[in-house]
Amino acid sequence: MANPRSWLEPAVVAGSLAPFVLLGVRALGGTLGADPVAELLNQLGLVTLVFLVASLACTPLKILLGWKWPIAVRRTLGLFAFFSALAHFLVYLVLDRELALGAVVADVTERPFVTVGFAALVVLVPLAVTSTKRALQRLGPRRWRWLHRLAYVAGVLGVVHFFIRVKKDTTEPLVYGAVLGLLFAVRLGDAVQKQLRQRAARRRTLS
Ligand code: HEM
């Protein structure tokens, strides 16, 4: 029988490409506003954060609702988070800073919001590199799972980067932060429950 969810992955890829296509259309049509580079930069930053949160929501959805399908698209969403972060960085490097590496280094070392954004991108690199089945086999599931918890670190850094950048109205970054906090709380609650169940089972076999 054909895989009943064979349409899921292509649908998620198509949906994930939509914001990039839309931004491309706006760029070509000259409808990015008075400061197209800033608009492109900000939109790609937001898209990155949405992909990060979406990829981090997959496991909590399985825990809370028993759905298995989010796990099948978690890797794709995580890779989209990485590639949009890279696109965001490249727009900053090439269009905003016009490849002036000295200015980029000064920004990364002296402007806290850029430092934090850069750190988020750096954290995403090992996750993207180890996203293959082969890397999972090489690292073993335990080490792989530990490493991939760094996705939460990237999410927190992304939110802090956004929070410092907005200066006045911090509602939007705080909403992303609250969602991340909830997702983390679900994971933590699940881990604690598993520990308690394991301990109880051990006690039963000993008595
Ligand atoms: C996971 C990585 C990252 C995430 C989630 C992220 C997210 C964001 C968000 C949400 C915004 C603001 C959008 C808005 O105000 O509407 C933004 C703006 C910006 N980000 Fe990032 N970012 C990341 C990495 C980086 C990196 C690596 C750099 C450069 C080294 C960078 C530089 C900037 C700049 C220059 C702006 C625009 C600031 C302005 O217009 O004043 N970001 N980013």
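Just so it is clear, the model here is predicted, and its values are computed rather than measured.

Trainee: Residue-level account of the overall build of the chain, with values.
Mentor: Check the secondary structure of the chain and you find nine helices and zero strands. Counted from the first residue to the last, the chain has its helices and strands arranged as α-α-α-α-α-α-α-α-α. Projected onto its principal axes, the C-alpha coordinates of the chain cover approximately 70 × 45 × 35 Å. Within the span of the chain, comprising 207 residues, buried residues form 19% of the whole. A separation of at least 24 residues holds for 67% of the contacts in the chain among residues at least 6 apart in sequence.

Trainee: Could you give an account of unusual backbone geometry, with specific residues and numbers?
Mentor: Although it is not a glycine, glutamate 98 adopts a positive phi angle of roughly 45°. Unlike most non-glycine residues, lysine 167 shows phi in positive territory, near 60°. Checked against the element boundaries, lysine 167 lands in the loop between helix H8 (150-166) and helix H9 (171-206).

Trainee: Kindly report on helix H1 (residues 8-28), identifying the contributing residues and their values.
Mentor: Compared with the 30 Å implied by 1.5 Å per residue over 21 residues, the 30 Å span of H1 between its first and last C-alpha is a close match. Alanine 18 marks where H1 bends most, by close to 30°; the proline proline 19 follows one to four residues later. Just downstream of H1, glycine 30 is the residue with a positive phi angle, here 65°.

Trainee: Give me the lowdown on the environment of leucine 49, citing residues and values where you can.
Mentor: The residue leucine 49 is located in helix H2 (residues 36-65) in this model. When the 26 C-beta atoms within 10 Å are taken as the criterion, leucine 49 is described as buried. C-alpha separation for the pair leucine 49 and leucine 188, spaced 139 residues apart in sequence, amounts to 21 Å. In this structure leucine 49 touches Gly158, Phe162 and Tyr176, once residues within four positions along its chain are discounted.

Trainee: I'd like a description of the site of the ligand, backed by residues and values.
Mentor: The immediate surroundings of the ligand are formed by 25 residues, with Asn42, Gly45, Gly117, Ala120 and Gly158 found nearest. Sorting the residues of the shell around the ligand by element identifies H2, helix H3 (69-96), helix H5 (112-129) and H8 as the ones contributing at least two each. Considering each element in turn, the shell around the ligand owes the most residues, eight residues, to H2. In terms of residue class, the shell around the ligand is made up of 17 nonpolar, seven polar and one charged.

Trainee: Give me the lowdown on the nonpolar core, citing residues and values where you can.
Mentor: Core analysis: the biggest nonpolar cluster contains 27 residues, and Phe51, Leu52, Leu77, Ala81, Ala120 and Leu124 have the highest contact counts within it. For leucine 77, the contacting residues outside a window of four places in its chain are Phe51, Ala54, Ser55 and Cys58.

Trainee: Describe the packing of H1 against H3, naming the residues involved and giving the relevant values.
Mentor: In the contact formed by H1 and H3, the axes pass within 10 Å of each other and the chain directions differ by 35°. Handedness of the H1/H3 crossing: right-handed. On the side of H1, the interface is formed by Leu8, Glu9, Val12, Val13 and Ser16, while H3 contributes Trp69, Ala72, Val73, Thr76 and Phe80.

Trainee: Describe the environment of leucine 127, listing the residues and the values that go with them.
Mentor: With respect to the secondary-structure elements, leucine 127 resides in helix H5. Once the C-alpha coordinates of leucine 127 and aspartate 169 are considered, the two residues, 42 residues apart in sequence, prove to be 32 Å apart.

Trainee: Give a description of the environment of valine 37 that names residues and reports values.
Mentor: Locating valine 37 in the fold gives a position in helix H2. Judged by the 16 C-beta atoms lying within 10 Å of it, valine 37 is partly exposed. The spatial distance from the C-alpha of valine 37 to the C-alpha of glutamate 110 is 22 Å, given a sequence separation of 73 residues. Contacts of valine 37, omitting those with residues within four sequence positions, involve Val91, Leu95 and Asp96.

Rules used throughout
- Residues numbered from 1 in each chain as written.
- Predicted model: local features only at pLDDT ≥ 70, side-chain atom pairs only at ≥ 80, totals over all residues.
- Helix = DSSP H or I, 4+ residues; strand = E, 2+ residues; numbered from the N terminus.
- Buried ≥ 20, exposed ≤ 12 C-beta atoms within 10 Å, placed from the backbone.
- Contact = placed C-beta atoms within 7 Å.
- Expected span 1.5 Å × (residues − 1).
- Bend = angle between axes of the 7 residues up to and from the residue.
- Near = placed C-beta within 6 Å.
- Nonpolar A, V, L, I, M, F, W, Y, C, P; charged D, E, K, R; others polar.
- Core = buried A, V, L, I, M, F, W, Y, C linked by C-beta atoms within 7 Å.
- Axes fitted to C-alpha atoms, helices over the stretch in contact; angles between N-to-C directions.
- Left-handed = near helix turned anticlockwise from the far one by under 90°.

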